[in-house]
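What follows is each chain in one-letter form.
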Amino acid sequence: MADTATEREAVLTAIERVAERMADEKDYLTDLDSAIGDADHGANMNRGFQAVLEKTDGMDDAEPADIVKTVGVTLISEVGGAAGPLYGGSFMSASAELADGLTPETTVAFAEAFLEKVQDRGDAPVGAKTMVDALTPAVHTYKKSIEQDDLEPVEALTKAVDAAERGVNFTTPIRALKGRASYLGWRSVGHQDPGATSTLFMLEAIQETAVSHLGDGDLEADATSPTVPDEEATPEAADGDGTEGSE
């Protein structure tokens, strides 16, 4: 387990990376949102995380959980529309899971709590064309990579990002069932969801921070589980009683 100072530095660096990414992608997120929403998602997310940068500046002695809670409180007050309560409320609520620092166990608990709060507030299932479509596979992949596949957090995060990207791509051909985009009905088909996209950007910034602090060598990015047997190891392809693919 890293010491508190190292964890604090990682959290603050991640915030800086997220804020920078939101600034860089502001126009792109706005373009996505203008097709199926209010055309303000990019501006809102950029404004929110620039405010987060200001609020967390000087928190050099704070606990990681308190920094993350500040992120949530700030987003609630600064981000308009549904994004403020969804992102901000989830950061604020889930921050309690980091009270014992950043460990594989606490970060899994944080991810699960964050997803649960988003689902509670947004009442959106997977397949409704929302941020949940990126967040759910990312959280599930991270949890399984840690708890079942015994991967290090940095590699688990790398796989979670891949899962989130697949989720973002999934939103394009489906109809929106929640949020403002749902008012368009079938006209929402063919447009990538901006909330899922900004979720991916946040995860990518967090993963980049983890790599810079913990990464060592090449990381496997494919979210496909390493416990899934390949085609040659399936029972159908195996000789004898078909047990060769059960490792």
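Let us look at the structure shown here. (Residues numbered from 1 in each chain as written. Predicted model: local features only at pLDDT ≥ 70, side-chain atom pairs only at ≥ 80, totals over all residues. Heavy atoms only, no water.)

### Considering the nonpolar core
Using the following cut-off: Among the buried residues, those of types Ala, Val, Leu, Ile, Met, Phe, Trp, Tyr and Cys that are joined through side-chain atoms within 4.5 Å form a nonpolar core. Under the scheme applied here, a residue whose accessible area is under 20% of the maximum for its type counts as buried, over 50% as exposed, and between as partly exposed, the area being computed with a 1.4 Å probe on protein chains only. Numbering of helices and strands runs from the N terminus; a helix is a DSSP stretch of H or I covering at least four residues, while a strand is a stretch of E covering at least two. For this analysis, residues touch if any pair of their heavy atoms sits within 4.5 Å.
Grouped together as the largest cluster of nonpolar side chains are 40 residues, with contacts concentrated most on Met22, Met45, Phe49, Leu75, Phe91 and Met202. Looking at this core, the elements with two or more residues in it are α1 (4–24), α2 (26–36), α3 (41–56), α4 (64–78), α5 (83–94), α6 (104–122), α7 (132–147) and α9 (194–214). In contact with phenylalanine 49, not counting residues within four places along its chain, are Val18, Ala19, Met22, Val71, Leu75 and Met202.

### As for α5
We count it as follows: Every helix has an expected span of 1.5 Å times one less than the residues it contains.
The end-to-end C-alpha separation of α5 is 16 Å, in line with the 16 Å expected for 12 residues at 1.5 Å each. For α5, the buried fraction is high: 9 of the 12 residues fall into the buried class. For α5, the full list of buried residues reads Ala83, Gly84, Leu86, Tyr87, Gly88, Gly89, Ser90, Phe91 and Ala94. Among the structural elements, α3, α4, α6 and α9 are those in contact with the buried residues of α5.

### A closer look at the packing of aromatic side chains
Spelled out, the test is: Centres within 6.5 Å are what make two rings of Phe, Tyr or Trp a pair, Trp counting through its six-membered ring; a difference in plane orientation under 30 degrees is then read as stacked, over 60 as edge-to-face, and the rest as tilted.
If you walk through the whole model with that rule in mind, you get 4 aromatic pairs. Relative to phenylalanine 201, the ring of tyrosine 28 lies with its centre 6.3 Å away and its plane at 45 degrees, an arrangement referred to as tilted. On the criterion of sequence distance, the pair formed by tyrosine 28 in helix α2 and phenylalanine 201 in helix α9 is long-range, its members being 173 residues apart. Between phenylalanine 110 and phenylalanine 114 the ring centres are 6.0 Å apart and the planes differ by 40 degrees, which places this aromatic pair in the tilted class. Here phenylalanine 114 and phenylalanine 110 lie together in helix α6, a separation of 4 residues that amounts to about one turn.

### Structural notes on the side chain of threonine 158
Selection rule: Side-chain atoms alone can form a polar contact between residues adjacent in sequence; in general such a contact is a pair of N or O atoms within 3.5 Å, and within protein one must be able to donate a hydrogen while the other accepts it.
Assignment of secondary structure puts threonine 158 in helix α8 (residues 153–171). When its relative accessible area of 9% is taken as the criterion, threonine 158 is described as buried. A distance of 2.8 Å separates a polar side-chain atom of threonine 158 from the backbone oxygen of valine 154.

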